[in-house]
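Listed below are the residues making up each chain.
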Amino acid sequence: MNTIMRKSVLSVAGLAFAGGVFAGPIAAHANPVDAKPVAGAVQTAPKPQGEQSHITLNGEQTANVKAIIAATKKAGLPERAAVISIATSLQESKLENLGHLGDANDHDSLGLFQQRPSSGWGTPEQITDPAYSTTAFLKGLKQVDGWQDMPLTEAAQTVQVSAYPDAYAQWEQQATDLVGQHWNS
């Protein structure tokens, strides 16, 4: 390569480098002109709070996940409501539809959400019906102003009024994954 051509190539490369150095920081903060949400795109979930727990689900638990998702869709609520519902049920019952547990029972708590007949959630038969108990939970969730934007544990606690209000957060990632896996199935 002759000297003139080499100098030309190096000059062009130098200009490209300099342009990148000066334009890079500006371009990195620019808003793309056509940055529009894609139709049907899933809303980005907030980052889960704190340490996350995970359990392996059996067939009954998976069926309960699907029942919670179906009730959420029937109520016309978004995926975030299903995430909050599933995380709540993971904390309350590990997604098992619990009947009366005798001395191990927390008062008269029953079902997926450990709802209490004595607190007005419904009859024992209703509370142990996954569709009914989910609908009851979602009815309470819809009454919480701003539930869509609050941390999962705060939304769940406002409905459940648990003695362990921060415990719901540990299930957010698994609940998010389960909703992602089963929402469209």
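Above this note sits the structure.
These numbers come from a predicted model, not from an experiment.

Colleague: How would you summarise the overall build of the chain if you had to cite specific residues and measurements?
Modeller: Secondary structure summary: the chain contains seven helices and zero strands in total. Counting from the amino terminus, helix and strand elements in the chain follow one another as α-α-α-α-α-α-α. Within the chain, the fraction of its 185 residues that count as buried is 35%. Sequence separation of 24 or more characterises 59% of the internal contacts of the chain that already satisfy a separation of 6 or more. Accessible surface, the chain as shown: approximately 11,200 Å² in total, 57% of it carbon and sulfur.

Colleague: Would you mind going over the pattern of salt bridges in detail, with residue names and values included?
Modeller: Evaluated as defined, the whole model comprises one salt bridge. Glu172 is the partner of Arg80 in a salt bridge, and the nearest nitrogen-oxygen pair spans 2.9 Å. Remark: Glu172 occurs in helix H7 (residues 172-182) and Arg80 occurs in helix H3 (residues 79-93); sequence separation between them is 92 residues. Residue Arg80 is classed as buried on the basis of its relative accessible area, which comes to 10%.

Colleague: Outline the packing of helix H5 (residues 130-142) against helix H6 (residues 152-160), supporting the account with residue identities and numerical values.
Modeller: Closest axis-to-axis distance for the H5/H6 pair is 9 Å, and the angle between their directions is 110 degrees. If you check the angle between H5 and H6, you find them roughly perpendicular. Taking contact as the criterion, the partners of Phe137, Gly140 and Leu141 in H5 are, on H6, Ala155, Val159 and Gln160. Partitioned by chemical class, the residues of the contact of H5 with H6 number four nonpolar, two polar and no charged.

Colleague: Could you give an account of H3, naming the residues involved and the relevant values?
Modeller: Compared with an ideal rise of 1.5 Å per residue, which puts 15 residues at 21 Å, H3 spans 21 Å between its outermost C-alpha atoms and is within 8% of the ideal. Where burial is concerned, most of H3 is hidden: 12 out of the 15 residues are buried. Among the structural elements, helix H2 (59-74), H5, H6 and H7 are those in contact with the buried residues of H3. Taken from the residues just after H3, Lys94 is the one with a positive phi, measuring 55 degrees.

Definitions and cut-offs
Residues numbered from 1 in each chain as written. Predicted model: local features only at pLDDT ≥ 70, side-chain atom pairs only at ≥ 80, totals over all residues. Heavy atoms only, no water. Helix = DSSP H or I, 4+ residues; strand = E, 2+ residues; numbered from the N terminus. Buried < 20%, exposed > 50% of the residue type's maximum accessible area, 1.4 Å probe, protein only. Contact = heavy atoms within 4.5 Å. Areas by Shrake-Rupley, 256 points an atom, 1.4 Å probe, with all protein chains shown as cover. Salt bridge = Lys/Arg side-chain N within 4 Å of Asp/Glu carboxyl O. Axes fitted to C-alpha atoms, helices over the stretch in contact; angles between N-to-C directions. Parallel < 35°, antiparallel > 145°, perpendicular 65-115°, else oblique. Nonpolar A, V, L, I, M, F, W, Y, C, P; charged D, E, K, R; others polar. Expected span 1.5 Å × (residues − 1).

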